[in-house]
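# Architecture at a glance
Listed here are the chains, written in short residue letters.
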Amino acid sequence: MKIKSILSLAVIAGVTLFASSAYAATESYSVGTPIDLSTGAAVEEYKVGQIVALPVDFESSTGSIQATGISLNFDNSVLSYGADLSSITSDSVMTSNLMSLGEVKFNSDSSKVMLVNGLFSKNVLTGAITGIGTMYVPDEATDGTKVKIPWASGGISIATKDTPELYIIFTVTGTISKDSLNVELVTVNDSECNIGDNESHLNVSGTVFDKINACDGAFKIVVDGSQLPYWVQGVDVEIDGTTYPLDACVNAEGETEYSFPVRLTSAADEASVSVAIKAQVSDTEAGPDTSLRDWGTVTVDMSGTATTYAANNIDLSK
């Protein structure tokens, strides 16, 4: 059977919804896509040892703030709050990327970088912390799974910016399986968040825009290679008249099972989508006389709640 084995689960058919953060003009918090400080770009894959900056943007209906309080839960099997300063100062690129975000904040003994205050100008990494506002830096998260950060401007009203006002620093300590879908590494504790402008707004809601392996729906096409009566030259899925070739196939060594994992996103608010599965097959391995074989249709839930790939086993008797 001619199926190229690619050890990847990065097949996506459809139109992505999960773009950059969009912030509402009311009292709210928005948590955006983390930045990899070694590259200055958005994190594409979490790897042990990475140091990332999680952007937090807050909005006020008055356009200004005097104080805020943000509370986040995080998955401590993957993330650890703060980063060892020595690992940052030894990397000039990382130092530059960190300082470009704003004013760097340390823990009590200045051995760990904890936060960046994006409201104020950047300072030298080893220099004194300056600025009007005071962002209180907890040395460690409350219980290793939560971080609560209060900020005050000393009564002076500061206009909010289009860019994030706060970056929380994390070190990546664990990995995320590519089989795991819609993983939320961080969630907002609304009841512990507040914004103060000309009045105090308590229990402010927040949104996390970034999920790991985000999708609206997912499934995998499973084929028993030992039962195939023909050679498979390629597999496609068809959605609403558009064909998407699948270029990722997983085949464990010594196994006859082949699987084609598919993640779906859609710009339309659809409850489900119908996906037709087509195989390009031939009687010989070289495949000069390729024909199209219908492998059936699957209905995929598009509620965005998929956590694993639902298996769709192909009936090869057809």
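The structure contained in this document is the topic of the report that follows.

## Side note on the overall build of the protein chain
Across its full length, the protein chain carries two helices and 26 strands. Counting every position in the protein chain, which comprises 318 residues, the buried fraction comes to 47%.

## Examining the side chain of Asn189
Its location among the elements puts Asn189 in the loop between strand S16 (186–188) and strand S17 (194–196). Beyond its immediate stretch of four places on either side in the chain, Asn189 contacts Ser71, Leu72, Asn73 and Lys146.

## Details of the sheet that holds strand S25 (residues 291–301)
Taken together, the four strands give an open sheet; going across it, the order is S22-S21-S24-S25, and neighbouring strands pair in antiparallel fashion. Every other strand in the sheet has two partners, leaving strand S22 (242–245) and S25 as the edge strands with one partner each. Strand-to-strand twist across the sheet, computed as the mean angle between neighbouring axes with direction ignored, equals 30°. In terms of strand pairing, strand S21 (residues 231–239) meets strand S24 (residues 272–282) through seven bridges, oriented antiparallel.

## A short note on empty space enclosed by the protein
Overall, the coordinates contain one cavity of 30 Å³ or more when judged by the stated rule. Partitioning the lining of the largest cavity into residue classes produces 10 nonpolar, no polar and one charged.

## Overview of the environment of Gln66
Following the sequence through the fold, Gln66 ends up in the loop between strand S6 (64–65) and strand S7 (67–74). Judged by relative accessible area, Gln66 falls into the partly exposed class, the value being 29%. Considered as a pair, Gln66 and Ser157 are 91 residues apart in the sequence and their alpha carbons are 4.8 Å apart. Excluding residues within four positions of it along the chain, Gln66 makes contact with Trp151, Ala152, Ser153, Gly155, Ile156, Ser157, Gly196 and Asp197.

## Quick notes on helix H2 (residues 92–99)
Those residues of H2 not exposed but buried are Met94, Thr95, Asn97, Leu98 and Met99. For H2, the secondary structure elements touched by its buried residues are strand S5 (51–59), helix H1 (85–89), strand S10 (103–106), strand S11 (112–117) and strand S15 (166–172).

## Quick look at unusual backbone geometry
Its identity is not glycine, yet Asn182 carries a phi of approximately 50°, on the positive side. By the secondary structure assignment, Asn182 is in the loop between S15 and S16. We classify Asn182 as buried; its relative accessible area is 10%. Look at Asn203: it is not a glycine, yet its phi comes out positive at around 50°.

## A short note on the pairing of S15
Among the seven residues of S15, seven are classified as buried, and the element is accordingly described as predominantly covered. Along S15, one buried face is formed by Leu166, Ile168, Phe170 and Val172 and the opposite face, lined by Tyr167, Ile169 and Thr171, is buried too. Sheet topology note: the S5/S15 ladder contains six bridges and is antiparallel. Each residue of the ladder has a partner; that of Val56, found in S15, is Leu166. Judged from the three bridges that link them, strand S8 (residues 79–81) and S15 form a sheet pairing that is antiparallel. Considered in S15, the bridge of Ser80 is made with Thr171. Summarising the sheet, S11 and S15 pair through three bridges and their orientation is antiparallel. Bridging from a neighbouring strand, Leu115 pairs with Ile168 of S15.

Definitions and cut-offs
- Residues numbered from 1 in each chain as written.
- Predicted model: local features only at pLDDT ≥ 70, side-chain atom pairs only at ≥ 80, totals over all residues.
- Heavy atoms only, no water.
- Helix = DSSP H or I, 4+ residues; strand = E, 2+ residues; numbered from the N terminus.
- Buried < 20%, exposed > 50% of the residue type's maximum accessible area, 1.4 Å probe, protein only.
- Contact = heavy atoms within 4.5 Å.
- Pairing = 2+ DSSP bridges.
- Axes fitted to C-alpha atoms, helices over the stretch in contact; angles between N-to-C directions.
- 1 Å grid on protein atoms, 1.4 Å probe; cavity = no way out; pocket = protein on both sides within 12 Å on 5 of 7 lines; lining within 4 Å.
- Points joined across faces, edges and corners; volume = space filled by probe spheres on them.
- Nonpolar A, V, L, I, M, F, W, Y, C, P; charged D, E, K, R; others polar.

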